[in-house]
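Spelled out from the first residue to the last, the chains are:
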Amino acid sequence: YVNRHRQTLEDAKKVIEANIGRLELEGEPAGAEVRLNGRLVGTLPLATPIRSTVGSYLLEVRREGHYSVQRPIVITGGGLVREAIHLEPLPAFAAARPEVQPDAE
């Protein structure tokens, strides 16, 4: 089967490769969510690059207690996009819940 259909299979592989790209993301803190257009695609650290269809995306990385990062990226066919993200921790006063103050009389 493979020998008879080798050309068709190779042509299909080229079409697929032209429509799939990869995102390699390194960063911290560990456990931060990685999202593309709002869809969860992994958590840091990523063991392997994320495979995705060709297109423009909004990359978002977030973790509780840290500022989140958002940036636009473009994934190209057969391409590799490399990004480095470091989330800064929120100031202690912003991470804590505000206390309710009694009414002054």
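Nothing here was measured: the structure is a model prediction, and the numbers come from that model.

(A) Structural detail: the overall build of the protein. Counting its regular elements, the protein contains two helices and seven strands. Reading the secondary structure of the protein in the N-to-C direction produces α-β-β-β-β-β-β-β-α. When the 105 residues of the protein are sorted by exposure, 22% land in the buried category. Looking at the protein alone, contacts between residues at least 24 apart form 50% of all its contacts between residues at least 6 apart. Surface exposure of the protein reaches about 7800 Å², of which carbon and sulfur atoms provide 52%.

(B) Summary view of the sheet that holds strand β6 (residues 69–75). Taken together, the four strands give an open sheet; going across it, the order is β3-β2-β5-β6, and neighbouring strands pair in antiparallel fashion. In this open sheet, the two edge strands, each paired with only one partner strand, are β3 (39–43) and β6. Across this sheet, the average inter-strand angle for adjacent strands is 30°, counted without regard to direction. Direction of pairing for strand β2 (residues 33–36) relative to strand β5 (residues 55–62): antiparallel, over a ladder of four bridges. Bridging from a neighbouring strand, L36 pairs with L59 of β5.

(C) Spatial organisation of the nonpolar core. The biggest cluster of nonpolar side chains holds 15 residues, and the ones touching the most others in it are L23, L25, L36, L59, V61 and I73. Elements represented by at least two residues in this core include exactly β1 (20–28), β2, β5, β6 and β7 (80–86). No other element matches β5, which puts three residues into this core. Filtering out sequence-adjacent residues up to four positions away, L25 remains in contact with V34, L44, L46, L59, V61, E83, A84 and I85.

(D) The arrangement of the sheet that holds β7 in detail. In spatial order, the strands read β4-β1-β7; together these three strands make up an open sheet with mixed pairing. The open sheet terminates on both sides in strands that have one partner only, identified here as β4 (50–53) and β7. For this sheet, the mean inter-axis angle between neighbouring strands, taken without regard to orientation, is 30°.

(E) Structural detail: the side chain of R35. Counting through the fold element by element, R35 comes out in strand β2. For R35, a relative accessible area of 14% corresponds to the buried category. Side-chain polar atoms of R35 contact the side chain of E33, separated by 3.0 Å. Not counting residues within four places of it along the chain, the set of residues in contact with R35 comprises L40, V41, L58, L59, E60 and R62.

(F) Seen up close, the side chain of E60. Relative to the helices and strands, E60 is located in strand β5. Judged by its relative accessible area of 13%, E60 is buried.

Thresholds, definitions, all that
- Starting afresh in each chain, residues are numbered from 1 along the sequence in its written order.
- Two thresholds apply to this predicted model, a pLDDT of at least 70 for residue-level local features and 80 or more for giving and counting side-chain atom pairs, whereas whole-chain, interface and lining totals are computed over all residues.
- Each side-chain value is worked out from all heavy atoms of the structure, with water and hydrogens disregarded.
- Note on conventions: DSSP H or I runs of at least 4 residues are helices, E runs of at least 2 residues are strands, and numbering of each starts at the N terminus.
- For every residue, the accessible area obtained with a 1.4 Å probe (protein chains only) is divided by the maximum for its type, and the residue is called buried under 20%, exposed over 50%, and partly exposed between those limits.
- The contact criterion used throughout is that any non-hydrogen atoms of two residues lie within 4.5 Å.
- The accessible surface values rely on the Shrake-Rupley method and a 1.4 Å probe; as for residues, cover is taken only from the protein chains in view.
- Paired strands, as defined in this entry, are two strands with at least two bridges between them according to DSSP.
- The axes used here are C-alpha line fits, helices contributing only the stretch in contact, and every angle between their N-to-C directions lies in the interval 0 to 180 degrees.
- For this analysis, a nonpolar core means a set of buried residues of the types Ala, Val, Leu, Ile, Met, Phe, Trp, Tyr and Cys, connected via side-chain atoms within 4.5 Å.
- What qualifies as a polar contact is a pair of N or O atoms within 3.5 Å, subject to a donor-acceptor requirement within protein and to the restriction that residues adjacent in sequence count only when both atoms come from side chains.

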